[in-house]
Amino acid sequence: MSDAAFTLLVQGVLDYGIFMLDPQGYIISWNAGAERIKGYRAEDIVGRHFSVFYPFEDQSSGKPQWELETAVAEGRLEDEGWRVRKDGSRFWANVVITALWDEKGVLQGFGKVTRDMSERRAAQHALTERRRLFDHLVQAQETERRRIAWDVHDDSIQAMVAVGMRLELLADRVPEPHAAELQRLDTSVREAIGRLRSLTFRLHPPGIDRHGLVEGLASHLEDVVGSSWGMPYAFEHRLDREPPPETAITIFRIVQETLLNVHKHAGASRVDISVESVDRGVLTRVKDDGTGAPRSEDGTREHFGVIEMRERAETAGGWWSMRSRPGAGTTVEFWVPDPHPLPDSTPVDGSP
């Protein structure tokens, strides 16, 4: 590419402000992108010091000169921060300053590339706010679930236990056939107590808020899937770290609902669960060997449980999917982001 063609290319770029500074920081070239981003025409800005783009507080602290000195010492400098347009308005910019040397090692000036990142920053702030609201929602839901579970346990269950004990005493004192009827009532009360205890467990499983996702899921699988349902299962986990509480609760609730659907509708003899760190988030799979995904009364798969699972994942900023074939089982797969992932992906020890 000839020098003229290269100059034409640089001058025509609109998404980036590309210009040169002399060794003291005075502007010596200007392209169309710089004019669009900063609002100055070439004749208005060439010859002026580049510090004019910095807010007053940065000018006062000597930041422009420090950036040039850093670029000279290290070859280049990259920075994000507030910059000022010609009309005085501020925008969030990504800036790269590169020191330019001739073949003799003499500093000839600096190349400066500026990109307006205001929209990206606004999107990041919106995402942060959405995450904050989501965390509050999860916390509020879990607090309410915990309160209901305690109320059911301390009130309804205790009252029914007292009724059951009374029925048992009465059954020993009354003649047949009344005794048999009281025994049947006692049995019904005990079954209702069992269902209520199961409800309180589903509302607030012990361990998830104290011990984290992996231990919470392992305990739920052992107590419910293995012991109560008698269903064989496998659980694999490869996490960089335990996700924060709100993320862990979201994953746990979706898995809990999925397993309940498997138990009620799938006719499965086995279920396999896995959680792993993928793409700065947690990918979870629940696969059964049952008859296929259940359909609602209108023939669709979008029954309430499915809708709730999808909404939980999407509200957390992730996705949810379900694949099924008649006679070949169903796989529920979902991913939710981890708001504070580790910089690398080293799995925790102890994955089975």
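Before reading on, note that the structure itself is shown above.
Because the structure is predicted, anything quoted here is derived from the model rather than measured.

J.: Explain the environment of Arg241 residue by residue, including any values.
T.: Its place among the elements puts Arg241 in the loop between β5 (233–238) and α10 (245–266). Put simply, Arg241 and Leu213 are 28 residues apart on the chain and 10.0 Å apart in space, counted from C-alpha to C-alpha. A polar contact of 3.0 Å, which involves the side chain of Arg241, links it to the side chain of Asp338.

J.: Describe the packing of aromatic side chains, with residues and values.
T.: Counting across every chain of the model gives six aromatic pairs. Between the aromatic rings of Trp82 and Trp92, the centroid separation amounts to 5.1 Å while the plane-to-plane angle is 85°, which identifies the pairing as edge-to-face. Pair noted here: Trp82 is in strand β2 (residues 76–84) and Trp92 is in strand β3 (residues 90–101), with a separation of 10 residues, a long-range link. With relative accessibility at 33%, the residue Trp82 sits in the partly exposed group. You can call Trp92 buried: its relative accessible area is 16%. Each member of the aromatic cluster is reached from another via a ring pair, and the members are Phe19, Trp30, Tyr40 and Phe53. For Lys38, the ring lying beneath its charged end belongs to Phe53, and the centroid distance is 4.1 Å. Its guanidinium or amino end placed over the ring of Trp92, Arg121 lies 4.0 Å from that ring's centre, counting from NZ or CZ.

J.: Explain the pairing of strand β7 (residues 281–288) to me, and be specific about the residues and the numbers.
T.: Across the eight residues of β7, six count as buried, placing the element largely inside the fold. Alignment of strand β6 (residues 271–278) against β7, held across eight bridges, turns out to be antiparallel. In the strand pairing of β7, Ser277 is matched with Val282. Linking β6 to β7, which pair antiparallel, is a turn of two residues; within it Asp279 sits at a positive phi near 50°. Inspection of the sheet shows β7 paired to strand β9 (residues 329–337) by seven bridges, in the antiparallel sense. Within the sheet, the bridge partner assigned to Arg285 lies in β9 and is Glu333.

J.: Could you give an account of the pattern of salt bridges, with specific residues and numbers?
T.: Counting across every chain of the model gives 16 salt bridges. Between Glu43 and Arg41 there is a salt bridge whose closest N-O contact spans 3.5 Å. For Glu43, a relative accessible area of 58% gives the class exposed. In this structure, Asp186 and Arg190 form a salt bridge, with 3.1 Å as the shortest nitrogen-oxygen distance. Taken together, the positions of Asp186 and Arg190, both in helix α7 (residues 178–203) and four residues apart, correspond to about one turn of that helix. Of the residues examined, Arg190 reaches a relative accessible area of 47% and is grouped as partly exposed. Three or more residues are tied together by salt bridges with common partners; here these are Arg41, Glu43, Asp44 and Lys86.

J.: Got a sec to walk through the environment of Thr331? Specific residues and values, please.
T.: Along the chain, Thr331 turns up in strand β9. In sequence terms Thr331 and Val286 are 45 residues apart; their C-alpha atoms lie 5.6 Å from each other. When sequence neighbours within four positions are dropped, the list of residues in contact with Thr331 reads Val286, Lys287, Ser321, Met322 and Arg323.

Rules used throughout
Residues numbered from 1 in each chain as written. Predicted model: local features only at pLDDT ≥ 70, side-chain atom pairs only at ≥ 80, totals over all residues. Heavy atoms only, no water. Helix = DSSP H or I, 4+ residues; strand = E, 2+ residues; numbered from the N terminus. Polar contact = N/O pair within 3.5 Å; in protein donor to acceptor, adjacent residues only side chain to side chain. Phe/Tyr/Trp six-rings, centres within 6.5 Å; stacked < 30°, edge-to-face > 60°. Buried < 20%, exposed > 50% of the residue type's maximum accessible area, 1.4 Å probe, protein only. Lys NZ or Arg CZ within 6 Å of the ring centre and 35° of its normal. Pairing = 2+ DSSP bridges. Salt bridge = Lys/Arg side-chain N within 4 Å of Asp/Glu carboxyl O. Contact = heavy atoms within 4.5 Å.

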